[in-house]
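# Topology and contacts: notes
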Amino acid sequence: MRGRKNRHMQREEIELKPKNYRKTLAGILKYVRPEAPRLLLAAVLVFAANILALIGPRLSGEAIDAMGILPGQVDYKTTVTKALFMLACYAGSAVLNYLLVRLIVRLSQKIIRNMRQDTFNKIVELPLSYIDTHQAGDLVSRISYDLDVVSQSLSHDMVQIAASILAVAGSLIMMISLSLSLSLIFLLIVPATVIFTIYRIKKTRPLFRLRSKKLGEMNGYVEEILYGQKTIQAYDQEDYFADRFGEINADSIEAYYKADYQAAMNGPSVTLISNLSLALVSMFGALLFLQGRVSLGNLTSFILYSRRFSGPINEAAAILAELQSALSAAERVFTLLEQPSEPPDKVDATELQNVKGEVKFRNVSFSYLPDAPVLKNINLCTKPGSLTAIVGPTGSGKTTLINLLMRFYDPDEGCILIDGQPVQDVTRRSLRRSFAMVLQDTWLFKGTIRDNIAYGRPEATLEQIRAAAEAAHIDSFITAQPEGYDSIISDGAENLSQGQKQLLTIARAMLLNTPLLILDEATSNVDSRTEIAIQDAMNKLIVGRTSFVIAHRLSTIRKADNIILIADGQIEEQGTHQELLARGGAYAKLYQAQFA
């Protein structure tokens, strides 16, 4: 556990280092690029909508000039015409923006769907070493919350940025055409706005990265607590874990507060700077009007354009804050996507076929962390069809031995052979399909009982499934259900007892016609009477199969062909039950301790 925690901390330190947002943007563009035709259409809509919106202030100024200064100078026809044209431009811009929003939302959802699918595919392809060092809740956070943040940014911020660029550029052109002098005065304040915005981006970027990380930690903690809720209540530790969650929640809220607080300061600060520029424009514009150097209509249009110019800049701070949040979230997703999957099979790897079941460990050593060996120079040979029991104290390396056999990990030294073939020389798929596994921690998915039993062999007939269930002594329970084998197992299999879950996974293993079998304390969660029935079924199941049994109840392995006792990562003793008892060593003491 300590080694796993250290590995987790090392991973956190690596992932907290600042990343290159250009690389993150490049990753997003990879998903955006296939949608180029729709993006082109969106660009046309953005351009047309903003051009129409930019025409409006000019028409407003012309309408004001047509009205004249004195009542007798009013040109009603021109005024009404310009006003109607202005109304048509704004209405057209609104319609185009509506179409644009619908297009972009649909487009962003398609992009996020592909990103989420790739993220899920990556999660199921990750090696067990990565899963062991990361909280499940953090991985869920990346595929849900982080991608939702990216989705919101794609559907809103991207359009807003494109529209802002056009609004700023178009407004500037219009202002210069109306009055170069006022434009120069107005632009004096722009550099201050740009410099301030860049400064705020650098200050808030790490805060949004920390915010995403803290949310992932909180999700991971909640997932862990929900999994152990019964134990927590049994030990009356609700207050302790509630207090601990309070600390994690406080850290998360603090991270949110700092990020949102700093981001919230951007908008008002930029607005203040922009309002100063507007005040200067109004003051000097009034002087130019009094000197006759600018008309009232042009001055009005100029002020409207300056507001349109300042609006996107004022919003830019808020948009960039949201964009940073999205980039931080995308960065976490792409960090996951960049993780190496399980090492590929060798180019010349062969399929493991016609397995007889001879398994050998030759000088196998393995460690999860450098200088912390878990297995040391393991040598083991099992004959085809034999039963090998693995016993030993907790943490001695029993499960690690099975992990190496299944190639969830590869040994640091030595090799493992099946029928004389090194497991590294065969494909993982063919190797793992040669095994059936029944683990202490049962796993059932939401679906029918039939589908759960036939999980490893979906083409099995109902008769074959029923035969496996009968052998596992679970058929009577299944047929008593309202829908029989089509009864639904709820999410998390909460409608089944622990023993029933275990029996279903045993039936699943029985249905598989594999030459190799792994039982990891398969009867630990059933009562003594059921254990006897299961043991009888297991005795039939292991006939003709090379079987490995990790056992704590030594009564279940008395008939094993070979019992190996692992202590401190080494095989301390091995032999049959009677041989080890006669030897009077560690196994005999362990046996006597259980049956004293």
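Residues numbered from 1 in each chain as written. Predicted model: local features only at pLDDT ≥ 70, side-chain atom pairs only at ≥ 80, totals over all residues. Heavy atoms only, no water.

### Looking at the overall build of the protein
What counts, and what does not: Under the DSSP-based scheme used, a helix requires at least four consecutive residues in state H or I and a strand at least two consecutive residues in state E, with every element numbered from the N terminus. Any two residues whose heavy atoms approach within 4.5 Å are treated as being in contact. Only the protein chains shown count as cover for residues, and the accessible areas themselves come from Shrake-Rupley with a 1.4 Å probe.
In terms of regular secondary structure, the protein is built from 20 helices and 12 strands. Sequence separation of at least 24 residues holds for 79% of the intrachain contacts in the protein that already meet a minimum separation of 6. Carbon together with sulfur atoms contributes 59% to the accessible area of the protein, which is approximately 30900 Å² in total.

### What about the sheet that holds strand 1 (residues 359-369)?
Worth spelling out the cut-off: Pairing between two strands requires that DSSP report at least two bridges joining them.
A sheet is described by the order of its strands in space; here four strands give the open sequence 2-1-4-5, paired in antiparallel fashion. The sheet terminates laterally at strand 2 (372-382) and strand 5 (421-422), the two strands that pair on one side only. Pairing of strand 4 (residues 413-418) with strand 5 involves two bridges; the strand directions are antiparallel. The residue of strand 5 that forms the bridge with leucine 417 is proline 422.

### Observations concerning the pairing of strand 4
For strand 1 and strand 4, the ladder comprises five bridges, and the chain directions are antiparallel. Of the residues in strand 4, the one forming a bridge with serine 365 is glutamate 413. Turn length for the strand 4-strand 5 hairpin, with the two strands adjacent in sequence and antiparallel, is two residues, and the turn residue aspartate 419 shows positive phi of about 55°.

### Notes on helix 17 (residues 498-511)
It helps to recall that an α-helix has 3.6 residues per turn; residues three or four apart then point in one direction. Note the following rule: To estimate how far a helix should extend, the number of its residues minus one is multiplied by 1.5 Å. Type-normalised accessible area, obtained with a 1.4 Å probe on protein chains alone, sets the label of each residue: buried when under 20%, exposed when over 50%, and partly exposed for intermediate values.
Taking 1.5 Å of rise per residue, the 14 residues of helix 17 would be expected to cover 20 Å, and the 20 Å separating its terminal C-alpha atoms lies within 8% of that figure. Counting buried positions along helix 17 yields 12 of 14 residues, so the element is predominantly enclosed. Every buried residue of helix 17 is accounted for by Gly499, Lys501, Gln502, Leu503, Leu504, Thr505, Ile506, Ala507, Arg508, Ala509, Met510 and Leu511.

### Side note on the pattern of salt bridges
Let me state the cut-off plainly: Put simply, a salt bridge is a Lys or Arg side-chain nitrogen that is within 4 Å of an Asp or Glu carboxyl oxygen.
Enumeration over the complete set of coordinates arrives at 15 salt bridges. A salt bridge links arginine 428 to aspartate 345; the shortest N-O distance between them is 3.5 Å. Of this pair, arginine 428 sits in helix 13 (residues 428-432) while aspartate 345 sits in the loop between helix 11 (296-337) and strand 1; the two residues are 83 residues apart in sequence, bridging distant segments of the chain. Taking relative accessible area as the criterion, arginine 428 reaches 7% and is therefore assigned buried. Linking arginine 466 and aspartate 475 is a salt bridge whose minimum nitrogen-to-oxygen distance equals 3.5 Å. A residue is classified by how much of its surface remains accessible, and aspartate 475, at 14% relative accessible area, is buried. Salt bridges sharing common partners tie together Glu342, Asp345, Arg407, Asp410, Arg428 and Arg432.

### So, the confidence of the model for the protein
This is how the line gets drawn: Residue-level confidence of the predictor, termed pLDDT, takes values from 0 up to 100.
For the protein, mean pLDDT is 81; residues scoring 70 or higher make up 89% of the total. Per-element confidence in the protein is highest for strand 4, whose mean pLDDT is 93, and lowest for helix 1 (residues 2-16), whose mean pLDDT is 40. Under a pLDDT of 50 for its full length, residues 1-18 has, in the predicted model, 25 contacts with residues more than four places off or in other chains.

### Some remarks on unusual backbone geometry
Although it is not a glycine, aspartate 371 sits at a positive phi angle of roughly 65°. The topology assignment puts aspartate 371 in the loop between strand 1 and strand 2. Looking at aspartate 371, the relative accessible area reads 81%, which means it is exposed.

### Quick look at the environment of valine 222
The topology assignment puts valine 222 in helix 8 (residues 190-227). Valine 222 gets classed as partly exposed once you look at its relative accessible area, which sits at 32%. As for valine 222 and glycine 137, which are separated by 85 residues in sequence, their C-alpha atoms are 7.4 Å apart.

### With respect to the nonpolar core
Worth spelling out the cut-off: Think of a nonpolar core as a cluster: buried Ala, Val, Leu, Ile, Met, Phe, Trp, Tyr and Cys residues, connected wherever their side-chain atoms sit within 4.5 Å.
Counting residues in hydrophobic clusters, the biggest one holds 43 residues, and the most contacted among them are Ile453, Ile474, Ile478, Leu504, Ile557, Ile563 and Tyr587. It is helix 17 that contributes the most residues to this core, seven residues altogether. Sequence-distant contacts of isoleucine 474, that is, excluding residues within four places in its chain, are made with Ala469, Gln500, Leu503, Leu504 and Ala507. Residues Tyr21, Leu103, Met115 and Leu327 belong to the second largest nonpolar core, which totals 35 residues.

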